[in-house]
Amino acid sequence: MLFKLAWRNILRNKRRTVISSLAVGFGLTTLIFFEAFALGWIVDMIETATSTISGHAQIHREDFTDTYNVDLTINNSKNLLENLGREKDVVNFAPRVISLGIITSPRDIGSVMLFGIEPEKEKHVSKVEKSIIRGAFLPDNDNGTILIGKKLAKTLEAGVGEKVVVTVAQSKTGELSQDMFRIGGIFDLRTEEMDSGFAFINMTRAQKMLNIGDNIHEISIVFDDIDKASRPDFFFWERYSVNGNKAEGWNKIFPEVESMIKMTDFSIYITAVILFAIVAIGIINTLFMSLYERIFEFGVLKAIGTRSLDIVKLVLYESFWLSIVSAVFGIVLALLHHYIFSIIGINYIGLEFGGVTVQNLIYPVFKPWSYVIFPMIMIVFTLIVSLYPAIYASKLGPAKAIRKTM
Amino acid sequence: MKEIIRTEKVTKIYRTGEIEVAALRDVSVCINEGEFTAIAGPSGSGKSTFLNIISGLDHPTSGDAYISGSRINDISGTKLSDFRRDNIGFVFQSFNLIPVLSVTENIEYVMLLQGIPRKERSERVAAILSEVGLEGMENRMPFQLSGGQQQRVAVARAIVTSPGIILADEPTANLDSATGAALLDMMKKLNKKKNMTFIFSTHDRNIMDVSRRLIVLKDGRIEKDEVRG
Ligand SMILES: Nc1ncnc2c1ncn2[C@@H]1O[C@H](COP(=O)(O)OP(=O)(O)O)[C@@H](O)[C@H]1O
Ligand SMILES: [Mg+2]
């Protein structure tokens, strides 16, 4: 009965109920949507980060990525590549040779990260082929062409078909080795670092320049499911981190992306705290407003024998109903937002954050659990803060309460 | 005759900052079971304070109040709530009813608190509504009733659990005199029929004449206490 009474009391001042539950509901929507959006951003960021060059995971010789010392080639790479071909979780992989070098055009000079690649395999793990804006991707058989980024092309003042010279230090001896290339294509990977400092040549040519035989420095791997790549207990890491080699997922390759994800979690938490504080104040305010209007009524209820505990219950039930209504508003609004933005997307294209440039529209990620857990936290939280007005109401002396309006 | 309410030298002093107001001074009365008593006196003479003290809604500053032999000061908290629920019916001047509950629900409220089963509740509601002359109004909401009808529902709610005492604080103050007289008349009939003790306050001369016993308060003291033929 108190439950029913509480519900009717909530309906009593419909405008106030609607306004305050819209406010609370809106807070809830903000929270749910903010999380969905942040997750969408993260998904996009990971997608972009992994699909541009790195792949979901990579294998190197230990310490290679710290020094880029060309001597640190992957141990036992032949076997390794064969094994990878048999892993059912691995969809694609590509071997690479990597060296720092100097690139010279007739007009200027620049430093490069030189990649020796197998074009056919590279196509399936990175975006280099797709990002060619002028000229063409490398042919499978080396024809002495090089791919450079559009920013580097600008620095070198060199276009497709023009000649450049690349200088690298050879393995072991450190002797300089030079080779001349014709620019075969210019790419735009939409990342400053790559467009101004990466260059791609055929792998065999790179191996010759560095004098490393058929050794390689990196294997870029794409799994059937990207989620596997950030799982610490995935068998892959252990199986391939042997013989002085190291297999790592994208979260280790891009620690800044991982810390951004943590930061996002933290900002969701902060947002939640702020919103719940606002919700708390709103709810207390609404309850006190309706309480003050009904002091006489509470006096009557107490006079005719309602126990203090039942008065506490009554107010708590009212706040429960209020938060239920708010939760419904919040969920509906959040779903609506979600629906709209998952159609139109959110345009942050070009914004660089944590070293990764947003390249696609961001779509919110639907996480059903958020539609359960956030409203539930809000309801419980509301009930807790409502204890204050509830106990206040139960302590009102009936005689005083009855006199107030007379 | 058995005594049901007794006060011994009840004094109530209200303090608001520096100012002290003695709402009741040394009020000693004894009211017997089944009596129909009017507490009369001008506004501010202490009538409400008296009713609040004999029902445990308020505590005396000094002196004692007893209901059916128990000292009210000794009862507190949940016991006092339950005591009022089971032994006292209240009718206030106005706004007695819970506005979001229908006539039936308002009358049922105390029975629900008492845990009376549904069937018995609806039988009692039906019976009481015919006694107060409100048949057919079961599902009306309070705002759909006239002032006199609302007070009748309040009386129905007060008596439906058959408490020993009905306290009515100026029940007719917001009614026109004919309606007020009719309400008092109904209360008096119920008093006879059910042998319930009725105590009501009023400042209206015409109304106080209805009662057999008349206690007149003035400035918190008993000015007159008479039983008329
Ligand atoms: N809560 C209170 N605080 C201060 N003074 C009060 C309070 N309640 C009643 N009084 C004073 O006590 C006196 C008696 O009041 P009351 O019992 O309400 O009289 P009545 O019901 O006869 O009009 C009045 O002077 C009133 O102002
Ligand atoms: Mg009064």
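This is a predicted model, so every value here is computed, not measured.

S.K.: So what exactly am I meant to see when it comes to the domain arrangement of chain A here?
M.R.: Interfaces are often sized by the amount of accessible area the parts lose when they come together. All names here are of chain A. In terms of domains, chain A is made up of domain 1 (2-48 + 258-401) and domain 2 (63-243). The interface of domain 1 with domain 2 comprises four residues on the first partner and five residues on the second. Of all residues in domain 1, I46, T357 and Q359 bury the most surface against domain 2, accounting for 66% of the area lost on that side. Our count for the contact surface shared by domain 1 and domain 2 stands at zero residue pairs in polar contact (both at pLDDT 80 or more). Per-class residue counts for the side of domain 1 that touches domain 2 are one nonpolar, three polar and no charged.

S.K.: Would you take a moment to explain the sheet that holds strand β8 (residues 197-202) of chain B for this structure?
M.R.: Backbone-to-backbone hydrogen bonds pair the strands of a sheet. The strands run either parallel or antiparallel. All names here are of chain B. Across the sheet, six strands lie side by side as β6-β7-β8-β3-β9-β10; this open sheet has mixed pairing. Looking along the sheet, the strands with just one partner apiece sit at the ends: β6 (88-91) and β10 (221-227). With strand direction ignored, the average angle separating the axes of adjacent strands in the sheet is 15°.

S.K.: Looking at this structure, how should I read the site of ligand 1?
M.R.: Around ligand 1, the neighbouring residues are R403 of chain A together with Y14, V21, A23, P42, S43, G44, S45, G46, K47, S48 and T49 of chain B. A distance of 2.5 Å separates an oxygen atom of ligand 1 from a polar atom in the side chain of T49 of chain B. For ligand 1, the accessible surface in isolation is 560 Å², of which the surrounding protein chains cover 75%. Of all the secondary-structure elements, those providing two or more residues to the shell around ligand 1 are β2 (19-32) and α1 (47-54) of chain B. By residue number, the principal contributor to the shell around ligand 1 is α1 of chain B, which donates three residues.

S.K.: What should I look at first to understand the packing of helix α1 (residues 2-12) of chain A against helix α13 (residues 308-344) of chain A in this one?
M.R.: A pair of packed helices can be characterised by two numbers: the angle between their axes and the separation between those axes. Residue and element names in this part refer to chain A. It is at 8 Å that the axes of α1 and α13 come closest, and there the two elements cross at 55°. The pairing of α1 with α13 is recorded here as oblique in orientation. Once α1 is placed against α13, the crossing between them reads as right-handed. The segment α1 lies against α13, with L2, F3, L5, A6, W7, N9 and I10 engaging D310, K313, L314, Y317, E318, F320, W321, L322 and V325. Grouping the amino acids of the contact of α1 with α13 by side-chain chemistry returns 12 nonpolar, one polar and three charged.

S.K.: Which parts of the structure should I look at to understand the side chain of E218 of chain A?
M.R.: Residue and element names in this part refer to chain A. Its place among the elements puts E218 in strand β9 (residues 218-223). Separated by 2.7 Å, the side chains of E218 and H60 make a polar contact. Not counting residues within four places of it along the chain, the set of residues in contact with E218 comprises Q58, I59, H60, I74, A94, P95, R96, I98 and F115.

S.K.: Teacher, can you tell me more about a nonpolar patch on the surface here?
M.R.: Residues and elements named next belong to chain A. A contiguous nonpolar patch, built from F266, Y269, I270, V273, I274 and I278 and spanning about 610 Å² of accessible area, is present on the exposed surface. The residue I278 is located in helix α11 (residues 255-293) in this model. On the basis of relative accessible area, I278 is assigned to the exposed category, the value being 52%.

S.K.: Could you clarify how one ought to interpret the packing of aromatic side chains in this entry?
M.R.: Aromatic ring pairs are defined here through the distance separating the ring centres and the angle between the ring planes. Residue and element names in this part refer to chain A. All chains considered together, the criterion is met by 34 aromatic pairs over all chains. With a centroid separation of 5.3 Å and 75° between ring planes, the pair formed by F288 and Y392 is classed as edge-to-face. You can see F288 sitting in helix α11 and its partner Y392 sitting in helix α14 (residues 368-395), a full 104 residues away along the chain. These aromatic residues form a ring-pair network of at least three members: F223, F234, F235, F236, W237 and Y240.

S.K.: For this particular structure, what's the right way to read unusual backbone geometry?
M.R.: Comment: phi is negative for the bulk of residues other than glycine, and the bulk of peptide bonds are trans. All names here are of chain A. Positive phi values are uncommon outside glycine, yet N76 reaches one of about 65°. You can see N76 is positioned in the loop between α3 (64-67) and α4 (77-86). In this model, E157 sits at a positive phi of 50°, which is unusual for a non-glycine residue. With respect to the helices, strands and loops of the structure, E157 is situated in the loop between α6 (150-156) and β6 (163-169). The partly exposed category is assigned to E157, whose relative accessible area is 48%.

S.K.: Please clarify how helix α8 (residues 203-210) of chain A should be interpreted in this entry.
M.R.: Along an α-helix, a turn takes 3.6 residues, which lines up residues three or four apart on a common side. Residue and element names in this part refer to chain A. Within α8, six of the eight residues are buried, leaving the element largely enclosed by the surrounding structure. All of the buried residues along α8 are M203, R205, A206, Q207, M209 and L210. In this structure, the buried residues of α8 make contact with β2 (90-104), β3 (109-117), β6, β7 (176-187) and β8 (198-202). Backbone geometry just downstream of α8 places N211 in the positive-phi region, at approximately 60°.

Here is what the cut-offs are and how they apply
Residues numbered from 1 in each chain as written. Chains lettered and ligands numbered in written order. Predicted model: local features only at pLDDT ≥ 70, side-chain atom pairs only at ≥ 80, totals over all residues. Heavy atoms only, no water. Domains from an automatic or database assignment. Contact = heavy atoms within 4.5 Å. Buried area = accessible area lost by both parts, 1.4 Å probe. Polar contact = N/O pair within 3.5 Å; in protein donor to acceptor, adjacent residues only side chain to side chain. Nonpolar A, V, L, I, M, F, W, Y, C, P; charged D, E, K, R; others polar. Pairing = 2+ DSSP bridges. Helix = DSSP H or I, 4+ residues; strand = E, 2+ residues; numbered from the N terminus. Axes fitted to C-alpha atoms, helices over the stretch in contact; angles between N-to-C directions. Near = heavy atom within 4 Å. Areas by Shrake-Rupley, 256 points an atom, 1.4 Å probe, with all protein chains shown as cover. Parallel < 35°, antiparallel > 145°, perpendicular 65-115°, else oblique. Left-handed = near helix turned anticlockwise from the far one by under 90°. Patch = residues over 30% accessible without salt bridge, like charges linked within 9 Å, V, L, I, M, F, W, Y side chains within 5 Å. Salt bridge = Lys/Arg side-chain N within 4 Å of Asp/Glu carboxyl O. Buried < 20%, exposed > 50% of the residue type's maximum accessible area, 1.4 Å probe, protein only. Phe/Tyr/Trp six-rings, centres within 6.5 Å; stacked < 30°, edge-to-face > 60°.

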